[in-house]
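Chain by chain, the residues run as shown.
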Amino acid sequence: MAMYTMVPFGRRSDSLFDRMERDFWKDTGTNISSFPTDIRDEGDKFTLSAELPGFNKEDIHLSLDGGVLTITAQHEETVEKKNGKGGYLCRERHYGSYQRSFSVSGIREDAISASYENGVLKLTLPKDTPVVPAARQINIQ
């Protein structure tokens, strides 16, 4: 199983794996804007890498609510150039806001971890281990 429904360049495949991928990790469609995300299945866990260059760690927020992981990044920057008399020669403002949500069903939510380095947010999403009922004998009375 993989993590999201978007397939680059409009390529769609109907293999069992791809159908499971689309069903397991659904993008909730609440994007303000999107950012590039790579998702890898590493056996007992998934790793998610999201490219968020230009953001500080403090600009990025992760939340879990109702089985949905949401990544939000907001950044505001003001650049001012003043003339010698204190008046503005140029004043620019840049604002960027990105948000993306993923279903985390089948993930141990309490074990999710995250790091941010060199413009890349990395999340480790350990898979939930299904509980298999123990076999037992039933006595006949």
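Every chain begins its residue count from 1, and numbering advances along the sequence as written. For this predicted model, a pLDDT threshold of at least 70 governs which residues receive local features, and a threshold of 80 or more governs which side-chain atom pairs are given and counted, while totals over whole chains, interfaces and linings are taken from all residues. Where side-chain values are given, they derive from all heavy atoms of the structure, hydrogens and water being excluded.

1. Let's talk about the side chain of Ser-103
Here is step 1: In this fold, Ser-103 is placed in strand S5 (residues 88–103).
Here is step 2: A 3.5 Å cut-off defines polar contacts: any pair of N or O atoms within that distance qualifies, except that in protein one atom must be a possible hydrogen donor and the other a possible acceptor, and neighbouring residues in sequence count only when both atoms are side-chain atoms. A polar side-chain atom of Ser-103 sits 3.4 Å from a polar atom in the side chain of Ser-105. Only DSSP runs of H or I covering at least 4 residues are called helices, and only runs of E covering at least 2 are called strands; the numbering of each starts at the N terminus.

2. Side note on the pattern of salt bridges
Here is step 1: Think of a salt bridge as a Lys or Arg side-chain nitrogen and an Asp or Glu carboxyl oxygen that are within 4 Å of each other. Counted by the stated rule, this structure contains two salt bridges.
Here is step 2: The shortest N-O distance in the salt bridge between Glu-42 and Arg-40 comes to 3.8 Å.
Here is step 3: In this structure Glu-42 comes out as partly exposed when scored by relative accessible area, which is 33%. A simple rule labels every residue: compare its accessible area, found with a 1.4 Å probe on the protein chains alone, to the largest value its type can have, and call it buried under 20%, exposed over 50%, or partly exposed in between.

3. A look at the pairing of strand S1 (residues 37–41)
Looking along a regular strand, one sees the side chains alternate between the two faces of the sheet.
Here is step 1: Note: two strands are recorded as paired if DSSP finds a minimum of 2 bridges between them. In the sheet, S1 pairs with strand S2 (residues 45–51) via five bridges, with the strands oriented antiparallel. In the strand pairing of S2, Ile-39 is matched with Leu-48.
Here is step 2: Count of turn residues in the S1/S2 antiparallel hairpin: three residues, of which Gly-43 carries a positive phi of about 85 degrees.

4. Quick look at the sheet that holds S2
Through backbone hydrogen bonds, the strands of a sheet pair up, either in parallel or in antiparallel fashion.
Here is step 1: Strand order in this open sheet of four strands is S1-S2-S7-S6, and the pairing throughout is antiparallel. With one partner strand each, in any of the chains shown, S1 and strand S6 (113–117) form the two edges of the open sheet. Each strand axis lies, on average, 15 degrees off the axis of its neighbour in the sheet, ignoring direction. Angles shown run from 0 to 180 degrees and are taken between the N-to-C directions of axes, each axis being a line fitted to C-alpha atoms and, for helices, limited to the stretch in contact.

5. Things to note about the confidence of the model for the protein
Here is step 1: The predictor attaches a confidence to each residue, and that confidence, scored 0 to 100, is pLDDT. For the protein, the mean per-residue pLDDT works out to 77, and 74% of the residues sit at or above 70.
Here is step 2: Confidence, expressed as mean pLDDT per element, reaches its minimum in the protein at helix H1 (residues 16–24) with 45 and its maximum at S6 with 97.
Here is step 3: With pLDDT under 50 throughout, residues 1–32 is counted as low confidence; its partners more than four residues away or in other chains account for 61 contacts. Here, two residues are considered to be in contact whenever any of their heavy atoms come within 4.5 Å of each other.

6. A closer look at the environment of Ala-111
Here is step 1: Checked against the element boundaries, Ala-111 lands in the loop between S5 and S6.
Here is step 2: Residue Ala-111 is classed as partly exposed on the basis of its relative accessible area of 23%.
Here is step 3: Linking Ala-111 and Leu-125, residues 14 residues apart in sequence, is a C-alpha distance of 7.1 Å.
Here is step 4: For Ala-111, the residues in contact, after removing those within four places along its chain, are Thr-124 and Pro-126.

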